[in-house]
Every structure is written in C-alpha cells, then in structure tokens.
Amino acid sequence: LERVVEETKKMKIGDPLDRSTQHGPQNHLAHLNKLVEYCQIGLKEGARLLLGGDRCTGSGLYMQPTIFCDVQDDMYLAKEESFGPIMVVSKFDAGDVEGVVIRANNTEYGLASGVFTKDVNKALYVAENIEAGTCFMNTYNKTDVAAPFGGFKRSGFGKDLGKEALNEYLKTKTITIEYNV
C-alpha cells in the first residue's frame, strides 16, 4: 500500500486537454460534493483514509486522488460506485482467489476491476470470473481506443471505444417476408 500511495501522490491533476494530465476535474459540482460525502461516510464507517478524501484546493471541480483501506464488504465504500478518483482496498486471505472473486461479484455494479499479482494463472482466473466489463492486470485505468470499454450489471449498457461502440449508433432490424411467386 505504501507504494500505491507514493505513486498516487505523483499523479498530475489538471487540464484534461493536456496530455500529461492523469486526472481531470469532475463534470459537475453536485458530483464533486457527492464524492466528498462518499469519503465522509467511509470515515464514519471505520475505513482508514491513506490519501486524499477531499476536493483539491484552488479553483475547479477537482477531487484529490483518494485511497481507503480496511474497507469491509458491508461498508458503503465497498457497495457503491463513486465514479471518482477513489480506491478502496479490502483485505483477503492469501490463496483464497475464489473467495475474492465471490466477494468482488457481490455488488450491483461491474464497470472495471483490477488484479495485481505475479501469478498469471491467478490473474487470468480473476479476469475470466469477475463480473466487470474491464479487468486490468498489474495496472489500472490504462485504456486503448481500440479496446471496448463498458460495464456489466448496473454499470452501464453497451460499450464505448472499439468497434463494439459503433453498435450504439446502429438500429438493427430483422425483416422476414414470405413471397409467393
């Protein structure tokens, strides 16, 4: 966790049109306020805040990259999607990959997931069995415009990016006709 915190501190927050920016502003003040409330609920429920947890100082709708640990499965942080720069970390028993997948799938949401391990077989098992539209392995939030992006369950319908995104602009229709000559 120390390494994750140190790397997260290096993130460049700023103008989303600047290619060196790693995190831009939230799209609406109401959403930024909801993220701050999300963090406050996490603290009240006993999650431990390692980094961030509030809006950035200065102008703009920027949220600090935030990391919580000691998050229990029944906590608000574990059950709700923030749609913000908030990472929640929960403990699990080493070697209990099946249990981790079951816990991760015990949610209404499934936009993206991540697994960090040196064991490729474990990473592939998680990627195949987790109910999320994207699974990052040993990285997070690195996307390619050629790869489809979208969630499962209540995390969205359809895909952005990739050729699958074109389906969102199509109306597929089947017409069956019987014609007697």
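Report follows, based on the coordinates. (Residues numbered from 1 in each chain as written. Predicted model: local features only at pLDDT ≥ 70, side-chain atom pairs only at ≥ 80, totals over all residues. Heavy atoms only, no water.)

### A look at the overall build of the chain
Worth spelling out the cut-off: For the purposes of this entry, the term helix denotes a DSSP run of H or I that reaches at least four residues, the term strand denotes a run of E that reaches at least two, and both are numbered from the N terminus. Contacts: residue pairs with any heavy atoms within 4.5 Å of one another. The protein chains shown are the only cover counted for residues, whose accessible areas, like all others here, come from Shrake-Rupley with a 1.4 Å probe.
Scanning the chain from N- to C-terminus turns up five helices and seven strands. Starting at the N terminus, the α and β elements of the chain follow one another as α-α-β-β-α-β-α-β-β-α-β-β. Long-range pairs, those at least 24 residues apart, make up 43% of the contacts in the chain with a sequence separation of at least 6. With an accessible surface of roughly 12900 Å², the chain has 52% of that area assigned to carbon and sulfur atoms.

### Some words on the nonpolar core
Filter applied, for reference: Here, the term nonpolar core denotes a set of buried Ala, Val, Leu, Ile, Met, Phe, Trp, Tyr and Cys residues that are joined through side-chain atoms within 4.5 Å. Type-normalised accessible area, obtained with a 1.4 Å probe on protein chains alone, sets the label of each residue: buried when under 20%, exposed when over 50%, and partly exposed for intermediate values.
Core analysis: the largest hydrophobic core is formed by 12 residues, namely L32, L35, V36, Y38, C39, A47, M63, F68, V71, M75, L77 and I86. Among the elements that make up this core, the one with the highest residue count is helix α2 (residues 29–44) (five residues). Apart from the residues within four sequence positions on either side, C39 is in contact with G53, M63, T66, F68 and I86. One finds V97, V115, A123 and I130 within the second-largest nonpolar core, a separate group that totals seven residues.

### Some words on the pairing of strand β6 (residues 134–137)
In plain terms, the rule: Strand pairing is defined by DSSP finding a minimum of two bridges between the two strands. For crossovers, right-handed means that the path from the first strand over the helix to the second runs clockwise, given strands pointing away from the viewer.
Residues T134 and F136 of β6 are buried on one face, while the alternating residues C135 and M137, pointing to the opposite face, are not. Inspection of the sheet shows strand β5 (residues 112–115) paired to β6 by four bridges, in the parallel sense. Its bridge partner being in β6, S113 is matched across the sheet by C135. With respect to chirality, the unit in which β5 leads through helix α5 (residues 120–129) into the neighbouring parallel β6 is right-handed.

### Overview of the pattern of salt bridges
Here is the rule: Salt-bridge detection follows one rule: a side-chain nitrogen of Lys or Arg within 4 Å of a carboxyl oxygen of Asp or Glu.
According to the stated counting rule, one finds six salt bridges in the structure shown. A salt bridge links K9 to E6, with the shortest nitrogen-to-oxygen separation between them at 3.4 Å. Here K9 pairs with E6, and both are found in helix α1 (residues 2–9), just three residues apart, close to one helical turn. The class of E6 is partly exposed, set by a relative accessible area of 43%. With a closest N to O distance of 2.8 Å, D18 and K12 form a salt bridge. Classification of D18 by relative accessible area gives partly exposed; the value is 31%. A network of salt bridges, in which partner residues are shared, links R48, D70 and K91.

### Here's the deal with a nonpolar patch on the surface
Note the following rule: Each patch is built from residues that are more than 30% exposed by relative accessible area and take part in no salt bridge. Like charges join if they lie within 9 Å; nonpolar side chains (Val, Leu, Ile, Met, Phe, Trp, Tyr) join within 5 Å.
A surface patch of nonpolar side chains, amounting to about 250 Å² of accessible area, comprises V120, L124 and M137. Residue placement: L124 occurs in helix α5. Classification of L124 by relative accessible area gives partly exposed; the value is 39%.

Function cannot be read off these values alone, since they describe shape.
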